[in-house]
There are 2 protein chains.
Amino acid sequence: MSRAHIFNAGPAILPLEVLEQAQKELVDFAGTGMSIMEHSHRGKAYAAVHDEAVANISKLLGLTDDYQVLFLQGGASLQFSQIPLNLLPAGAVADYVNTGTWASKAIKEAKKVGQINILADTSKEIPTNMPDFDALPYTPGAAYVHITSNETIAGTQIKKFPKTEAPLIADMSSDILSRPFDITQFGAIYAGAQKNLGPSGVTLVVIRKDLIERAPETLPTMLQYRTQAKENSLYNTPPTFGIYILMLVSRWLLAKGGAAGIAAINEAKASKLYAAIDGSNGFYRGTAVPAFRSNMNVTWRLPTEDLEALFVKEAIANNMIGLKGHRSVGGIRASIYNACPMESIDALIAFMADFQKRNG
Amino acid sequence: MSRAHIFNAGPAILPLEVLEQAQKELVDFAGTGMSIMEHSHRGKAYAAVHDEAVANISKLLGLTDDYQVLFLQGGASLQFSQIPLNLLPAGAVADYVNTGTWASKAIKEAKKVGQINILADTSKEIPTNMPDFDALPYTPGAAYVHITSNETIAGTQIKKFPKTEAPLIADMSSDILSRPFDITQFGAIYAGAQKNLGPSGVTLVVIRKDLIERAPETLPTMLQYRTQAKENSLYNTPPTFGIYILMLVSRWLLAKGGAAGIAAINEAKASKLYAAIDGSNGFYRGTAVPAFRSNMNVTWRLPTEDLEALFVKEAIANNMIGLKGHRSVGGIRASIYNACPMESIDALIAFMADFQKRNG
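Residues numbered from 1 in each chain as written. Chains lettered and ligands numbered in written order. Predicted model: local features only at pLDDT ≥ 70, side-chain atom pairs only at ≥ 80, totals over all residues. Heavy atoms only, no water.

Now for the side chain of Q68 of chain A. Residue and element names in this part refer to chain A. Positionally, Q68 belongs in strand β2 (residues 67-72). Reaching out from Q68, the side chain makes a polar contact with the backbone oxygen of A229 at a distance of 2.8 Å. Excluding its chain neighbours within four sequence positions, the residues that come into contact with Q68 are V205, V206, I207, K209, I212 and A229. (Helix = DSSP H or I, 4+ residues; strand = E, 2+ residues; numbered from the N terminus. Polar contact = N/O pair within 3.5 Å; in protein donor to acceptor, adjacent residues only side chain to side chain. Contact = heavy atoms within 4.5 Å.)

Here you go:
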């Protein structure tokens, strides 16, 4: 079987070079006679992997000493709780912006913990949309402001991050390290690894050090950021293989020119695909407002749901995987994360043109 | 490099056949043109892996319909909190038995949640020991009784599980599926995968279905057992690669004759190693009382700490990895989990004899 064109929303495509290296050394890592999966998380071989992962992520994000990198478990879904449990004390208020499915889930969990304000709600708008983040009624003295940088299902993406007085916290699961941004605008960012960073089962959290100590000591030890912060994410056994793959992906990303380098490639990929949608004389219709179109998750509709089903079916027959829109919204979605090569975009566009010719 | 003799306590040795199969199909899983890491957790290819993992674990543990298999994240360390958060309501009491480092950690977290009784504390005894579980003063009406089936650091193991009135809950991280036992004696068992089941980053929880619904709905969604129970552990993205390896290990274990088959092998391995220790005329001294000697983690001392350090150093030079005792207790520890072959036991015993000849 030749390599598929992978448009999965997550778990998602990984760089082929990364997979090939992992394959080569899966049974015998670096001449140690053991798999990286068999190495102790407290041994030298794994320590080198772990420390390189931290160093590469720090470099790619341009972190200052004010921030700490954590590798956690449980996905963004656990962070939805961990953020307020650590950072929203009784009597305080946190600001949330509801931009879609993922922001809604974060809000649902935060409400279990404390008091929150919804600054804006664009989650039900069609075409899918986001608010003007510079014009939101931020709460003076809020514990933090929570945003979702990219809505994987809606296909929308914040193009310019606001400067907020309260610590800005972003779920960046679906566009982490796809473009440069100024980390000093943020109190914390987090991301499940399974879109742009590696396999599922690792959650990257980058948090400003002064925020780490805000959690009550009564919180379960594993839910306090300070627990893993004190131990370089080695308080208990971390998901070593996932962090190893993440390290290889971070190396690959550095070789691509880091966040700025990959952003140029991502911009070229997304522009080409959106141009194909917009140039189809209405056969394909983008579902997000142009100002907030995501460069990671490109969403569109066809004239009928039957045609959408046929499109997905024929795409699979043409070795293009993962184009069915999320079950909650339907339509078509191409997730074109960092590792998705231009060849896959070109193949998709050629298929789209052919499909339209036959069905338009 | 030839394959190492791996005595790591966790992450630990995996069956070579499992690693070789994972290597073979790492880039192209089952002819799909994609890595298993790139497959959607909601797609057919991964679903087959996930469902086989559940089915194999159910078969290996002899589960009835009263129990559910969950694949979670966060390790046993998160279960230390999740168990009481779900199962210890206000006003109730849970019984705990403190048999060592891991039981102590479970107790520390449970105390944050509610009221507990310590039925016995052997955690400080030297030689390392466990109480008579049939003679403990169990609390009438307790919410549950928590035990640690095998203390990885102390090298002790419960040989016969008690029959308790309250649901019995066991941390089985370091001896899960190393021997048969009657699951119907238990309300729940849990285990980090990285010793007997697979790589780190997956936590196996098996829980009686009537207990799943006890958690307050106010608990963070990700911490309620019902959340993943309702969704076959697919509420959010699971650690797919770890579950895939666990599935391959479960296949390997079935081929070995299941829990009974592997138990016979484990008994033979451990007996041989303990006999070597006991037959050394006191040069090697086992650190656990014989009645509770673990078949998984074999712990012993040498006449001096200098000799212990030399032993570990020379062992490494002879391709034997992971023999240094846990930093909290010192000495020597050989973790001889399911996947550790008899050849490694034989190599270790030969090395021990040679070392004694030169240093005894």
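Residue and element names in this part refer to chain A. Parsing chain A into structural domains produces domain 1 (17-255) and domain 2 (258-359). The straight-line distance from the C-alpha centre of domain 1 to that of domain 2 is 27 Å. Facing 28 residues of domain 1, the contacting portion of domain 2 comprises 25 residues. When domain 1 packs against domain 2, close to 2,000 Å² is buried across both sides, 58% of that on carbon and sulfur atoms. Looking at the side of domain 1 facing domain 2, the largest losses of area belong to I153, G155 and K159, adding up to 24% of the total buried there. Run the count over domain 1 and domain 2 and you get zero salt bridges. Taken together, domain 1 and domain 2 are joined by 14 residue pairs in polar contact (both at pLDDT 80 or more). Counting only elements with at least two residues in the side of domain 1 that touches domain 2, the list comes to β6 (150-151), β7 (156-157) and α7 (240-255). (Domains from an automatic or database assignment. Buried area = accessible area lost by both parts, 1.4 Å probe. Salt bridge = Lys/Arg side-chain N within 4 Å of Asp/Glu carboxyl O.)

What follows is about the sheet that holds strand β14 (residues 332-335) of chain B. Residues and elements named next belong to chain B. Pairing within the open sheet is antiparallel, and its three strands lie in the order β11-β12-β14. Each of the sheet's edge strands pairs with one partner strand only, and the pair in question is β11 (285-286) and β14. Here β11 runs beside strand β12 (residues 297-301); their pairing, made up of two bridges, is antiparallel. Each bridged residue has a counterpart across the sheet, and for R285 the counterpart in β12 is R301. (Pairing = 2+ DSSP bridges.)

Here we come to the sheet that holds strand β8 (residues 168-171) of chain A. Pairing between sheet strands relies on hydrogen bonds along the backbone, with the strands arranged either parallel or antiparallel. Residue and element names in this part refer to chain A. Read across the open sheet, the seven strands follow the order β2-β10-β9-β8-β5-β3-β4; overall the sheet is mixed. Strands with a single pairing partner mark the edges of an open sheet, and in this sheet they are β2 and β4 (115-121). Across this sheet, the average inter-strand angle for adjacent strands is 20°, counted without regard to direction. Relative to the sheet, helix α2 (residues 44-61) contacts β2, β9 (186-192) and β10 (203-208), its axis offset from that of β2 by approximately 130°. The strands touched by helix α4 (residues 101-113) are β3 (93-98), β4, β5 (145-148), β8 and β9; relative to β3, the strand with the most contacts, the crossing angle is about 155°. (Axes fitted to C-alpha atoms, helices over the stretch in contact; angles between N-to-C directions.)

Once that is clear, we can look at the pairing of β10 of chain A. Residue and element names in this part refer to chain A. With respect to burial, β10 is a largely interior element, five of its six residues being buried. With six bridges joining them, β2 and β10 adopt antiparallel strand pairing. Counted as the bridge partner of L72 is T203 from β10. Pairing analysis gives five bridges linking β9 to β10, with the strands arranged antiparallel. Counterpart to A191 in the pairing with β10 is L204. (Buried < 20%, exposed > 50% of the residue type's maximum accessible area, 1.4 Å probe, protein only.)

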